[in-house]
Amino acid sequence: MGLREDASMGDGSTTGVQATGGCECGGVRYRVEGALRDVVHCHCEPCRRITGHHMAATAASVDDVHFESDATLDWYQRTSTTRYGFCTTCGSTLFWSATDKADILSIAAGTIDQPSGLVTIMAIYADEASDFHRLDGTIHSFGRDRPVDDPSWPVTGGDA
Ligand SMILES: [Zn+2]
Ligand SMILES: [Zn+2]
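(A) The arrangement of the overall build of the protein in detail. Across its full length, the protein holds two helices and eleven strands. Counting over 160 residues, the protein shows a buried share of 29%. Across the protein, the fraction of contacts at a sequence separation of at least 24, relative to all contacts at a separation of at least 6, is 53%.

(B) The arrangement of the pairing of strand β9 (residues 104-108) in detail. With four of five residues buried, β9 is to be regarded as a mostly interior element. Bridge count between strand β8 (residues 93-98) and β9: two bridges; the pairing is antiparallel. By the bridge assignment, W96 is partnered in β9 with S106. As consecutive antiparallel partners, β8 and β9 are separated by five residues.

(C) Molecular detail of the sheet that holds strand β1 (residues 19-22). In space, the three strands of this open sheet follow the order β1-β2-β5, with antiparallel pairing throughout. Each having just a single partner strand, β1 and β5 (65-70) make up the two edges of the open sheet. Geometrically, the sheet is characterised by an average inter-axis angle of 15° between neighbouring strands, direction not taken into account. Sheet topology note: the β1/strand β2 (residues 28-32) ladder contains four bridges and is antiparallel. Bridging across to β2, T20 finds its partner in R31.

(D) A look at the sheet that holds β8. In space, the eight strands of this open sheet follow the order β6-β7-β8-β9-β4-β3-β10-β11, with mixed pairing throughout. Both outer strands of the open sheet, β6 (73-77) and β11 (140-141), are each paired with one neighbouring strand and no more. In terms of strand pairing, strand β3 (residues 39-42) meets strand β10 (residues 120-124) through four bridges, oriented parallel. Paired with H41 across the bridge in β10 is A123.

(E) Structural context of the nonpolar core. Judged by nonpolar contacts, the single largest core of 32 residues is most densely connected at C42, A57, L94, F95, I107, A108 and I124. Mapped by element, the contributors of at least two residues to this core are β2, β3, β4 (55-61), β7 (82-87), β8, β9 and β10. When residues in this core are grouped by element, the largest group, four residues, is from β4. Apart from the residues within four sequence positions on either side, F95 is in contact with Y84, G85, L105, S106, I107 and A108.

Procedures and definitions
Residues numbered from 1 in each chain as written. Chains lettered and ligands numbered in written order. Predicted model: local features only at pLDDT ≥ 70, side-chain atom pairs only at ≥ 80, totals over all residues. Helix = DSSP H or I, 4+ residues; strand = E, 2+ residues; numbered from the N terminus. Buried ≥ 20, exposed ≤ 12 C-beta atoms within 10 Å, placed from the backbone. Contact = placed C-beta atoms within 7 Å. Pairing = 2+ DSSP bridges. Axes fitted to C-alpha atoms, helices over the stretch in contact; angles between N-to-C directions. Core = buried A, V, L, I, M, F, W, Y, C linked by C-beta atoms within 7 Å.

What follows is the structure, given as structure tokens:
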């Protein structure tokens, strides 16, 4: 049983590694074997404090993210539905996830090995941006909430 499914999975759906990345000390290393969303900046206060500036996140399907090392990965459960992944040794911020989007893993784009090939397309929670940060007028900017229902919200790819 499952032979046909196995066969179809074996012919082309594993498109290979799209990106590799990890924390500063190497305790966390991952590879992404699927599409990456382009980068969204989040200026909300929690992201500002946790990253020290603002979150710049790409995202991938959870099933496409494979860990080569996660020995030092831990999670800060910020709310009952949201959490940030970080390295317990070097302190790098690596991930963000929310239970209402449990199939998607947000990945701190700075942890991806260069060149990432990604571009920044959007800023959210711009109303909470720090006073020393100059918002980028060339990208979509939303004052507060993540516009998941906005047609411009990109699920994957960079064609927005
Ligand atoms: Zn580390
Ligand atoms: Zn945020």
